[in-house]
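Fold and contact review
What follows is the residue order along each chain.
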Amino acid sequence: MPSSFAVYLIGFIILIIGLAFAAYLAGAPPVWIAVGVICLIGIGVLTGVTKTTRRDPTDSAGGPPPRV
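Below, the structure is looked at part by part.

The rules behind the values
Residues numbered from 1 in each chain as written. Predicted model: local features only at pLDDT ≥ 70, side-chain atom pairs only at ≥ 80, totals over all residues. Heavy atoms only, no water. Patch = residues over 30% accessible without salt bridge, like charges linked within 9 Å, V, L, I, M, F, W, Y side chains within 5 Å. Areas by Shrake-Rupley, 256 points an atom, 1.4 Å probe, with all protein chains shown as cover. Salt bridge = Lys/Arg side-chain N within 4 Å of Asp/Glu carboxyl O. Helix = DSSP H or I, 4+ residues; strand = E, 2+ residues; numbered from the N terminus. Buried < 20%, exposed > 50% of the residue type's maximum accessible area, 1.4 Å probe, protein only. Phe/Tyr/Trp six-rings, centres within 6.5 Å; stacked < 30°, edge-to-face > 60°. Expected span 1.5 Å × (residues − 1). Contact = heavy atoms within 4.5 Å. Axes fitted to C-alpha atoms, helices over the stretch in contact; angles between N-to-C directions. Parallel < 35°, antiparallel > 145°, perpendicular 65-115°, else oblique. Left-handed = near helix turned anticlockwise from the far one by under 90°. Nonpolar A, V, L, I, M, F, W, Y, C, P; charged D, E, K, R; others polar.

**Digging into a nonpolar patch on the surface**
On the surface, Phe21, Tyr24 and Leu25 cluster together into a nonpolar patch covering about 390 Å² of accessible area. Note that tyrosine 24 resides in helix α1 (residues 4-26). On the basis of relative accessible area, tyrosine 24 is assigned to the exposed category, the value being 56%.

Written out as structure tokens, the structure is:
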């Protein structure tokens, strides 16, 4: 079973392909389509990593563990 990061990235890549094809049909220059694709892949990786990272279960309150 693929990880949630892989599923997120696959979906984002499908979105990028659709946007690149739409830009091609709209007549955008191929250089700018490539620039947009590279930027969107970077954004997809960054957001995928932040959304799929596992949090430490001991740090559920958002701060240091209580002193005993």
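**Examining the packing of aromatic side chains**
Remark: the centre distance and the inter-plane angle together describe each pair of aromatic rings, the angle taken between the planes. Counted under the stated rule, the structure contains one aromatic pair. On the basis of an interplanar angle of 15° and a centroid distance of 6.1 Å, the ring pair of tyrosine 8 and phenylalanine 12 is categorised as stacked. Of this pair, tyrosine 8 and phenylalanine 12 both sit in helix α1, four residues apart, which is roughly one turn of that helix.

**Remarks on α1**
Think of an α-helix as 3.6 residues a turn; residues three or four steps apart then line up on the same face. With 23 residues, α1 ought to run about 33 Å at 1.5 Å a step, and its terminal C-alpha atoms sit 33 Å apart, in line with that. Phe12, Ile16 and Ala20 are the residues of α1 that are buried. Each element contacted by the buried residues of α1 is listed here: α2 (30-52). Looking at the residues trailing α1, positive phi occurs at glycine 27, about 95°.

**Concerning the packing of α1 against α2**
Look at α1 against α2: their axes get within 10 Å of each other, and the N-to-C directions meet at 160°. Classified by the angle between their axes, α1 and α2 sit roughly antiparallel to one another. Along this stretch, α1 crosses α2, giving a crossing that reads as right-handed. Contact residues: Ser4, Phe5, Tyr8, Leu9, Phe12, Ile16, Leu19, Ala20, Ala23 and Tyr24 in α1; Ile33, Val37, Leu40, Ile41, Ile43, Gly44, Val45, Thr47, Gly48, Val49, Lys51 and Thr52 in α2. Here the residues of the contact of α1 with α2 sort into 16 nonpolar, five polar and one charged.

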